[in-house]
Amino acid sequence: MAGGQPEREDKVSLELTDEILQSMEVGMTFRDYNGRISSMDFHKSSNYLVTAGDDESIRLYDVANATCLKTINSKKYGVDLVSFTSHPLTVIYSSKNGWDESLRLLSLHDNKYLRYFKGHHDRVVSLSLCPRKEYFISGSLDRTVLLWDQRADKCQGLLRVQGRPAAAYDDQGLVFAIAFGGCVRMFDARKYEKGPFDIFSVGGDMSDANVVKFSTDGRLVLLTTSDGHIHILDSFRGTLLLTYNVKPVSSNSTLEASFSPEGMYVISGSGDGSVYAWSVRSGKEVASWMSSQAEPPVIKWAPGSLMFVTGSSELSFWIPDLSKLSAYVGRK
């Protein structure tokens, strides 16, 4: 796998197609987790992946060489959500201990806390870092979304929500979306205090928002909900383009989904642990992989790469099986 993995700077040389997606299978698995993986993130411009686990560990992987570089334990606070900052060895993570809902800025280089961000009073369920500046947003079951600057302990802004919030910046860091209560609200990141400049309905699905994400080009936004719906909207017009349906998830689980790098496909988990791939163009299911796991996996597409990663009680790297592709070529 190490030899075949392109450098992150390279563009995807093989264009993603239905056939390539259908050929994808697990190329590498790490099974040394004592519990489920609760979150993971790819660094945008390096080959690093970070994971957070119920075993209170934060792990750093070199994706190009398929190796675990470092394991850091957060026994005191636990760890739930984790995201890279712009620096590949610095992360922000949320606690999972029930008594301290602070977020922490942690250096993986020397395992030092650089800053604590105190403000939430219940579990943080959404975390998104601004790609452009040192800002980030966090959404909590305390029904607030807080806006932060990595250089300051106190939050820079507060938005109240009705229900469990999902929040995300677009890839330019100019806009962020907050979803709850059957709607996606769009904010100008520089003038968020004026309220949303647009509110998009997802067609009567009032179940809890789980994750919201923009495609790389910013044209599409996806929202997953606890009832097992994955809604795809036009982020400019607000039109609901497609809804994919999977098994519902429990209130303490999260239904994750991820756009492929060019935004033409969506991969998702499901309440029964399965993984699905969908075409944005046709709206149809392209591939599915059943699982013995009974909970939805965390799932992320690697930036600019023909690979996605799933996390359950183990971490799996999915890559195309090129021998299957040659069979397709022979068939045509």
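Please refer to the structure higher up on the page.
Given the structure is predicted, the values throughout are model-derived calculations rather than measurements.

A. Spotlight on the sheet that holds strand β26 (residues 298-301). The four strands lie next to each other as β1-β28-β27-β26, forming an open sheet whose pairing is antiparallel. Taken across any chain shown, the strands that pair with only one partner, and hence form the sheet edges, are β1 (24-30) and β26. Neighbouring strand axes in the sheet, compared pairwise and without regard to direction, differ in orientation by 25° on average. Alignment of strand β27 (residues 308-311) against strand β28 (residues 315-320), held across four bridges, turns out to be antiparallel. Paired with Thr 310 across the strands is Ser 316, a residue of β28.

B. Geometry of the packing of aromatic side chains. Applying the stated criterion across every chain, the model contains 17 aromatic pairs. Considering the side-chain rings of Phe 117 and Phe 136, the 5.0 Å spacing of their centres and the 80° angle between planes classify their relative orientation as edge-to-face. Linking Phe 117 in strand β9 (residues 112-117) with Phe 136 in strand β11 (residues 135-140), this pair joins segments that are 19 residues apart in sequence. The same class applies to Phe 117 as to Phe 136, namely buried. Three or more aromatic residues link up through ring pairs in this structure, and these residues are Tyr 77, Tyr 93, Tyr 113 and Tyr 116.

C. Region of interest: the side chain of Thr 224. For Thr 224, the location among the structural elements is in strand β19 (residues 220-225). Relative accessible area serves as the criterion here: at 0%, Thr 224 is assigned to the buried category. Side-chain polar atoms of Thr 224 contact the backbone oxygen of Leu 255, separated by 2.6 Å. Excluding residues that lie within four positions of it along the chain, Thr 224 makes contacts with Asp 208, Ala 209, Asn 210, Val 211, His 229, Ile 230, Leu 255, Glu 256 and Ala 257.

D. Molecular detail of the nonpolar core. Among the nonpolar cores identified, the biggest contains 17 residues, and Leu 16, Leu 21, Trp 289, Trp 301 and Phe 308 are the most heavily contacted of them. Looking at this core, the elements with two or more residues in it are α1 (18-23), β23 (265-268), β24 (275-279), β25 (285-289) and β26. By residue number, the principal contributor to this core is β25, which donates three residues. Beyond its immediate chain neighbours, meaning those up to four positions away, Trp 301 contacts Leu 16, Leu 21, Met 24, Phe 42, Ser 258, Phe 259, Ser 260, Pro 261, Ile 267, Met 307 and Phe 308. By size, the runner-up hydrophobic cluster in this structure holds 16 residues, among which are Ile 230, Val 246, Phe 259 and Tyr 276.

E. A look at the pairing of β11. With respect to burial, β11 is a largely interior element, five of its six residues being buried. Alignment of strand β10 (residues 124-129) against β11, held across five bridges, turns out to be antiparallel. Residue pairing for β11: Leu 127 is matched across the bridge by Ser 138. Counting the residues that bridge the hairpin from β10 to β11 gives five residues. When β11 meets strand β12 (residues 144-149), the two strands line up antiparallel, connected through five bridges. Across the sheet, Ile 137 pairs through a bridge with Leu 147, a residue of β12. The loop that links β11 with its antiparallel partner β12 comprises three residues; one of these, Arg 143, has a positive phi angle of about 65°.

F. Just the pattern of salt bridges, in detail. Under the defined criterion, the tally for this structure stands at 18 salt bridges. The partner of Asp 110 in a salt bridge is Lys 112, with the nearest N and O atoms 4.0 Å apart. By relative accessible area, which is 37% here, Asp 110 ends up partly exposed. Between Lys 300 and Glu 256 there is a salt bridge, and its shortest N-O distance comes to 3.9 Å. In this pair, Lys 300 is assigned in strand β26 and Glu 256 in the loop between β21 (240-245) and β22 (257-259), connecting sequence segments 44 residues apart. On the basis of relative accessibility, which here comes to 9%, the residue Glu 256 falls in the buried class. Several salt bridges converge on common partners, so that one network encompasses Asp 54, Asp 80, Lys 96 and Arg 123.

Conventions adopted
Residues numbered from 1 in each chain as written. Predicted model: local features only at pLDDT ≥ 70, side-chain atom pairs only at ≥ 80, totals over all residues. Heavy atoms only, no water. Pairing = 2+ DSSP bridges. Helix = DSSP H or I, 4+ residues; strand = E, 2+ residues; numbered from the N terminus. Axes fitted to C-alpha atoms, helices over the stretch in contact; angles between N-to-C directions. Phe/Tyr/Trp six-rings, centres within 6.5 Å; stacked < 30°, edge-to-face > 60°. Buried < 20%, exposed > 50% of the residue type's maximum accessible area, 1.4 Å probe, protein only. Polar contact = N/O pair within 3.5 Å; in protein donor to acceptor, adjacent residues only side chain to side chain. Contact = heavy atoms within 4.5 Å. Core = buried A, V, L, I, M, F, W, Y, C linked by side-chain atoms within 4.5 Å. Salt bridge = Lys/Arg side-chain N within 4 Å of Asp/Glu carboxyl O.

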